[in-house]
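Structural features, examined
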Amino acid sequence: MQELTIRRPDDWHLHLRDGDMLEAVLPHTSRHFARAIIMPNLVPPVVDTALAASYRARIEKALPQDHRFIPLMTLYLTETTDAEDVVSGYESSAIAAVKLYPAGATTNSQSGVRDIETAYPVLERMAEAGVPLCVHGEVTDADIDIFDREAVFIDRVLEPLRRRIPSLKIVMEHITTSNGIDYVSSGADGIAGTITTHHLIINRNAILAGGIRPHYYCLPVAKRENHRLALRAAATSGNPRFFLGTDSAPHLDAAKETACGCAGVFSSINTLSCLAHVFEDEGALDRLEGFVSLNGPAFYGLPANDETIRLVRREEPIAVPASVETKSGPVTVFDPMFALHWDVAE
Ligand code: DOR
Ligand code: ZN
């Protein structure tokens, strides 16, 4: 197949940041994506609907005039989140979901939840009102190996939460293990999972073998090859519980190429080309639309986009910039380590 027309995709997990960075990265998403779930881990975090509304206004202001893009805002769950603010924000469409960051799990997660029990009253209210919970599924205990943190989170936090509030809609975000895939596939209704572009392409060797490569470091960290294969199988299976959340998470190169570098892969610019490549490799191009454009809205209870985009397979590799400039310095673009031929026709 040399051409593929699909409904306009959405990104169900995206970091846009703020200020100069927002201005530099937003057009790379809004060029091709209709909507995105916007992560609230700013400094300070987006903890209530008033902050979400002002962040949304800053995003809309940074949007190129000829782009149509809807930011789906989220609130950062803390131990003092006001349930009524969440529910009224959801009912007025000011927010689309709430995000659970276990405290200390990742970039700007210090204000996250230390003890999930403290959040149960808010989560119960969210379940009644149908507000989805997006989950960063890693425990943060220093004694748990970083490669095991997702699997341990399922046993210690996610499964008890599901038992306690079975009607809460949960998105297990950026799944990186076969444990996560199995958990989401086999659970009762009401759970879904997002998968990033980069976790379909790299395993942990990309970060660590033959030299340390900070631009492949993100959280949850990429795992062994068997896990990557499980992610590819799930993403390309057609199972509607899995959909794209790029977790495109830009950091300045200076913040990544340092003794203690930030976690995050910036992939919004070439994500669709990478995904078409992966789905073609797996003989599943006919399932790409489900993964990027249909399964996500169905889970969130939103209509799929009416517009379409056209992907074209070029004879020659397409050009992708190695980095994107911001006013504060460059941000390296995710390098899939293979040539890309699928292009999004404008
Ligand atoms: O790699 C990551 N980067 N994982 C996260 O969970 C947060 C993100 C960020 O904000 O940089
Ligand atoms: Zn993220």
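Refer to the preceding data block for the structure.
Further remarks concern the sheet that holds strand β1 (residues 3-7). Read from one edge to the other, the open sheet built from three strands follows the order β1-β10-β13, with strand pairing classed as antiparallel. Both outer strands of the open sheet, β1 and β13 (342-345), are each paired with one neighbouring strand and no more. Strand-to-strand twist across the sheet, computed as the mean angle between neighbouring axes with direction ignored, equals 30°. Helix-sheet contacts for helix α12 (residues 288-300) involve β1 and β10 (308-313), and the interaxial angle to β1 is about 25°.

Outside of glycine, negative phi angles account for most residues, and trans bonds account for most peptide bonds. Between V43 and the following residue, P44, the backbone shows a cis peptide bond with an omega angle of -5°. With respect to the element layout, P44 can be found in the loop between β3 (35-38) and α2 (49-62). The omega angle of the peptide bond from L219 to P220 is -5°, so this bond is cis rather than trans. Looking at where P220 falls in the secondary structure, it is placed in the loop between α8 (205-208) and α9 (225-235). Phi at D247 takes a positive value of approximately 55°, unusual for a residue other than glycine. Here D247 is to be found in the loop between β9 (242-244) and α10 (253-256). A positive phi angle is found at M337, which is not glycine, with a value near 70°. Here M337 shows up in the loop between β12 (329-332) and β13.

Below, the discussion takes up the site of ligand 1. The full set close to ligand 1 counts 13 residues, and R17, N41, L219, H251 and A263 are the nearest of them. Contacts to ligand 1 include H15, whose side-chain N or O atom sits 3.3 Å from an oxygen atom. In this structure, a nitrogen atom belonging to ligand 1 sits 2.8 Å away from a main-chain N or O atom of L219. Taken by itself ligand 1 offers 290 Å² of open surface, and the protein chains cover 100% of this. Judged by its atoms lying within 2 Å of the grid points, ligand 1 is housed in the largest cavity. Within the shell around ligand 1, the residues separate by chemical class into four nonpolar, seven polar and two charged.

What counts as what
- Residues numbered from 1 in each chain as written.
- Chains lettered and ligands numbered in written order.
- Predicted model: local features only at pLDDT ≥ 70, side-chain atom pairs only at ≥ 80, totals over all residues.
- Heavy atoms only, no water.
- Pairing = 2+ DSSP bridges.
- Helix = DSSP H or I, 4+ residues; strand = E, 2+ residues; numbered from the N terminus.
- Axes fitted to C-alpha atoms, helices over the stretch in contact; angles between N-to-C directions.
- Contact = heavy atoms within 4.5 Å.
- Near = heavy atom within 4 Å.
- Polar contact = N/O pair within 3.5 Å; in protein donor to acceptor, adjacent residues only side chain to side chain.
- Areas by Shrake-Rupley, 256 points an atom, 1.4 Å probe, with all protein chains shown as cover.
- 1 Å grid on protein atoms, 1.4 Å probe; cavity = no way out; pocket = protein on both sides within 12 Å on 5 of 7 lines; lining within 4 Å.
- Sits in = over half its atoms within 2 Å of the grid points.
- Nonpolar A, V, L, I, M, F, W, Y, C, P; charged D, E, K, R; others polar.

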